[in-house]
Amino acid sequence: KTPSFMVSPSKEIFKCFSSGKGGDAISFLQEVDGLSYVEALRYLAQKYGITVEEDEMPENFVEEQNQRESLFIILNFAKDYYKGNLHDSDEGKSIGLSYFKERGFSADTIDNFDLGYAFDRWDGLIQYAKEHGHNEDFLEKAGLKIVNEDKQYDRFRGRVIFPIHNITGKVIAFGARILKNDKNQPKYINSPETELYHKSNILYGIFQAKNTIRNEDNCFLVEGYTDVISLHQAGIINVVASSGTSLTEDQIKLIKRFTDNVTVLFDGDNAGMKASMRGIDMILQGGLNVKAVAFPEGEDPDSYAKKLGSEAFKEYLARNAKDFMSFKASVFVEEGKKDPLKKAE
């Protein structure tokens, strides 16, 4: 907002007079992206094609690095494939794109989150990767292909695709939602754990949200992919999701890299409330400050943001954010109204 940020190309340093922070290109990335020194160094080296020489690198380390890079390449290839399906095919437009538009997602939002579509066929991605000369072993190692005895097939079929990005913006996994009613299929499926993807230490939306979390010194925590995307549409960028898993210590540490303040948004039902209560306790144990907002029964952040509209929804959050003591007390008082034992407890 003020011209207080200065870069000196000759000295190769920056100085921010608002925050007092300064340093070189590496410390700048450490501050902006929340990276460690080594992560920032490797990121810059890769971006500018510089080889980072490491002393006494064991052979297996080089192999591991090459394998990791190959996994990143195949996952990015799959992301582009799913995006192409969504925008360039009749099936993708009529099923996937129409679903996202029904949810109220704009073209910019769809692009910002790299949303895509997996064809309803057994080996669409496998065949496409083969045509483009990719090693099929990496499809399996990245969790994109399932091999079952003598059969092999795409993990994601006939579903809309939500890529999951790491903190630097690289795709490391996918979530996928089925659109037809099929009792034999789960509504959502995710990539399995891989060398790159450990669901317990990543948050959906962290790449898109991290700078705003730091700037606003607060992180909104929701449950699912569409909650994150709908809040973005409503102008609330500092939001992440635990992606259907129970909140973990590593996810809390990840938030703590950017802020000490978390506002948990609860679905308006008892099951969601109880699960999130456990989350509040864990966040407190992690040393963060917690506020909570509950929505009316039957509503979630996604549906309520659409119902109220952007400005009214922001006002609702500001007005209804309670400190964790008041929030817990109000929930327990409500539970105890009809049950004397609960009331005493």
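Everything here concerns the structure above.
Summarised in this report is the structure supplied together with it.

Rules and cut-offs
Residues numbered from 1 in each chain as written. Predicted model: local features only at pLDDT ≥ 70, side-chain atom pairs only at ≥ 80, totals over all residues. Heavy atoms only, no water. Helix = DSSP H or I, 4+ residues; strand = E, 2+ residues; numbered from the N terminus. Rg over C-alpha atoms; globule rule 2.2 N^0.38 Å. Buried < 20%, exposed > 50% of the residue type's maximum accessible area, 1.4 Å probe, protein only. Contact = heavy atoms within 4.5 Å. Areas by Shrake-Rupley, 256 points an atom, 1.4 Å probe, with all protein chains shown as cover. Lys, Arg positive; Asp, Glu negative; His and termini not counted. Charge placed at Lys NZ, Arg CZ, Asp CG, Glu CD. Salt bridge = Lys/Arg side-chain N within 4 Å of Asp/Glu carboxyl O. Axes fitted to C-alpha atoms, helices over the stretch in contact; angles between N-to-C directions. Parallel < 35°, antiparallel > 145°, perpendicular 65-115°, else oblique. Left-handed = near helix turned anticlockwise from the far one by under 90°. Nonpolar A, V, L, I, M, F, W, Y, C, P; charged D, E, K, R; others polar. Pairing = 2+ DSSP bridges.

**Remarks on the overall build of the protein**
Phase 1 of the analysis: Along the protein, the regular secondary structure elements total 15 helices and 14 strands.
Phase 2 of the analysis: Here the protein has a C-alpha radius of gyration of 22 Å; the compact-globule value for 345 residues is 20 Å, and the two agree.
Phase 3 of the analysis: Overall size of the protein, expressed as C-alpha extent along the three principal axes, is 65 × 60 × 35 Å.
Phase 4 of the analysis: Put simply, the protein has 345 residues, and 43% of those count as buried.
Phase 5 of the analysis: Within the protein, counting contacts between residues at least 6 apart in sequence, those at least 24 apart form 64% of the total.
Phase 6 of the analysis: With an accessible surface of roughly 19,000 Å², the protein has 50% of that area assigned to carbon and sulfur atoms.
Phase 7 of the analysis: Across the protein, 44 positive and 54 negative side-chain charges occur, with their mean positions spaced 6 Å apart.

**Description of the pattern of salt bridges**
Phase 1 of the analysis: Per the stated rule, a full pass over the model turns up twelve salt bridges.
Phase 2 of the analysis: Measuring nitrogen to oxygen at the nearest pair gives 3.1 Å for the salt bridge that ties Asp-111 to Lys-83. Taken together, the positions of Asp-111 in helix α5 (residues 107–112) and Lys-83 in helix α3 (residues 59–88) put the pair 28 residues apart, joining distant regions of the chain.
Phase 3 of the analysis: Classification of Lys-83 as buried rests on a relative accessible area of 17%.

**Describing helix α6 (residues 124–131)**
Phase 1 of the analysis: Considered for burial, the residues of α6 that qualify are Gly-124, Leu-125, Ile-126 and Ala-129.
Phase 2 of the analysis: Two residues or fewer past α6, Gly-133 is found with a positive phi of approximately 75°.

**Section: the packing of helix α1 (residues 25–33) against helix α2 (residues 37–47)**
Phase 1 of the analysis: Two elements in contact, α1 and α2, have axes separated by 9 Å at closest approach and are oriented at 115°. Between α1 and α2, the angle is such that the two are roughly perpendicular. Every pair of crossing elements has a handedness; the one defined by α1 and α2 is right-handed. Of the residues in α2, those touching α1 at Ala-25, Ile-26, Leu-29 and Gln-30 are Tyr-37, Ala-40, Leu-41, Tyr-43 and Leu-44.
Phase 2 of the analysis: Residue composition of the contact of α1 with α2, by class: eight nonpolar, one polar and no charged.

**So, the sheet that holds strand β10 (residues 219–222)**
Phase 1 of the analysis: Taken in spatial order, the five strands line up as β11-β10-β12-β13-β14 in an open sheet, and their pairing is mixed. If you trace the sheet from one side to the other, it starts and ends with β11 (239–241) and β14 (322–323), each paired once.
Phase 2 of the analysis: In this structure, strand β13 (residues 289–294) lies alongside β14, joined through two bridges in antiparallel fashion. Within β14, the residue paired with Ala-292 across the bridge is Lys-322.

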